Amino acid sequence: MTGRPASMGGYSTGKRDRSIPLERMGIALVVLALCLAGIAIIFGAGIVSAGDQLAVIAPADNEIDAEPGEEFEVDVLMRSRGGHGGTGVAEFTLVAQYHPDYLEITSVEGANWLEQGTETDVVEEHLLAHEAGTVILEQRRDPVDGGATGDARVATLTVRVAEDAPPSEASIDFGDSSVILENDLPLAILDQAVTVSIDDGEEPVDSFDHPDPEDRETLEAAVTAADESGGEDGEDDEGVAEPIPGFRAADALIAVGFVGVIGFGLLAVGRWRRT
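One structure accompanies this document, and this report is about it. Computed from a predicted structure; not experimentally measured.

1. Re the sheet that holds strand 10 (residues 150–161)
Okay, so step 1: The strand order across the open sheet formed by 5 strands is 7-10-5-3-13, and the pairing between neighbours is mixed. The outermost strands of the open sheet, each flanked by one partner alone, are strand 7 (103–110) and strand 13 (188–191). Here the average twist between neighbouring strands, direction ignored, is 25°.
Okay, so step 2: Judged from the 4 bridges that link them, strand 3 (residues 54–59) and strand 13 form a sheet pairing that is parallel.

2. Points about unusual backbone geometry
Okay, so step 1: For the bond running from Asp142 to Pro143, omega is 0°, close enough to zero to count as cis.
Okay, so step 2: Turning to its location among the elements, Pro143 is positioned in the loop between strand 9 (134–142) and strand 10.
Okay, so step 3: Positive phi is not limited to glycine here, since Asp145 has a value of about 50°.
Okay, so step 4: Asp145 gets classed as partly exposed once you look at its relative accessible area, which sits at 41%.

3. A closer look at the sheet that holds strand 14 (residues 194–198)
Okay, so step 1: In space, the 3 strands of this open sheet follow the order 4-14-11, with mixed pairing throughout. Here the strands that pair on one side only, and so sit at the sheet edges, are strand 4 (63–66) and strand 11 (168–172). Neighbouring strand axes in the sheet, compared pairwise and without regard to direction, differ in orientation by 25° on average.
Okay, so step 2: Sheet analysis places strand 11 next to strand 14, joined by 5 bridges and oriented antiparallel. Each residue of the ladder has a partner; that of Glu169, found in strand 14, is Ser197.

4. Here we look at the pattern of salt bridges
Okay, so step 1: Taken as a whole and assessed by the stated rule, the structure comprises 2 salt bridges.
Okay, so step 2: A salt bridge links Arg160 to Glu104, with the nearest nitrogen and oxygen atoms 3.2 Å apart. With a gap of 56 residues between them, Arg160 in strand 10 and Glu104 in strand 7 connect regions that are remote in the sequence.
Okay, so step 3: With a relative accessible area of 27%, Arg160 lands in the partly exposed category.
Okay, so step 4: Under the relative-accessibility criterion, Glu104 is labelled buried at 12%.
Okay, so step 5: Ionic pairing is found between Glu138 and Arg216, a salt bridge with its closest N-O pair at 2.8 Å. With a gap of 78 residues between them, Glu138 in strand 9 and Arg216 in helix 2 (residues 216–228) connect regions that are remote in the sequence.
Okay, so step 6: For Arg216, a relative accessible area of 28% puts it in the partly exposed group.

The rules we used
Residues numbered from 1 in each chain as written. Predicted model: local features only at pLDDT ≥ 70, side-chain atom pairs only at ≥ 80, totals over all residues. Heavy atoms only, no water. Pairing = 2+ DSSP bridges. Helix = DSSP H or I, 4+ residues; strand = E, 2+ residues; numbered from the N terminus. Axes fitted to C-alpha atoms, helices over the stretch in contact; angles between N-to-C directions. Buried < 20%, exposed > 50% of the residue type's maximum accessible area, 1.4 Å probe, protein only. Salt bridge = Lys/Arg side-chain N within 4 Å of Asp/Glu carboxyl O.

Take a look at the structure:
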């Protein structure tokens with residue numbers, strides 16, 4: 001008598017085919033990868049289309065070699081095409097932060113970036129708070145009259161390396177800077193830091209806890225404390241007005257590719273196990 005080949009009474013007598021779940025998982029991952037790819041492409045297109053709505057702040061030279069006690073200058077440049085509809089920049093705040101045990105910005109001189117566009121007056125203020133490792137330069141158009149756009153120098157920093165600074169690698173960061181349009185909307189900032197190699201050092205300096213640049217009371221207290229202790233600040237001259245860490249579309253596409261490879265791998269293994 002010949003037995004039933006596959007099942008009897010609704011119960012399977014053979015081994016369960018585990019390739020099916022692998023295939024399904026592979027298909028699911030491939031579909032997920034395709035969905036993520038679509039999102040990444042849309043996200044990337046958004047970045048490209050919004051590329052004009054940002055301000056790029058970077059030094060003319062982002063790598064500097066210096067010796068203890070040496071003084072040098074850093075030209076800071078800014079590029080921006082303004083906002084939608086040709087809305088120009090009305091004002092900006094350049095914030096330079098550094099470790100005060102290694103570097104000191106002794107002076108900041110504004111440039112004529114905001115003078116681009118319709119002729120107007122440019123009002124400037126600056127604050128040097130060495131004890132807080134922070135220097136702030138503020139400029140605004142008065143009147144705004146369309147704002148400014150362009151690619152030019154915004155400031156020149158005079159920097160001095162501490163006499164007793166050991167061989168190390170310090171930096172001057174501009175990440176807390178801000179740029180405001182004529183319509184009072186802020187622009188996204190893409191910034192690049194200055195890396196200072198002191199006495200050919202390569203070891204990064206310890207982090208420094210900078211106060212919030214908007215906390216002017218704390219910054220001004222640091223200036224007062226330095227004055228009372230006999231510290232030398234840069235001259236308070238009337239300066240002549242002359243790009244998260246973030247998640248990028250490229251990162252998304254890399255992740256999509258990784259998910260896709262895993263999905264196709266599982267799909268292939270599932271089919272191989274069925275053969």
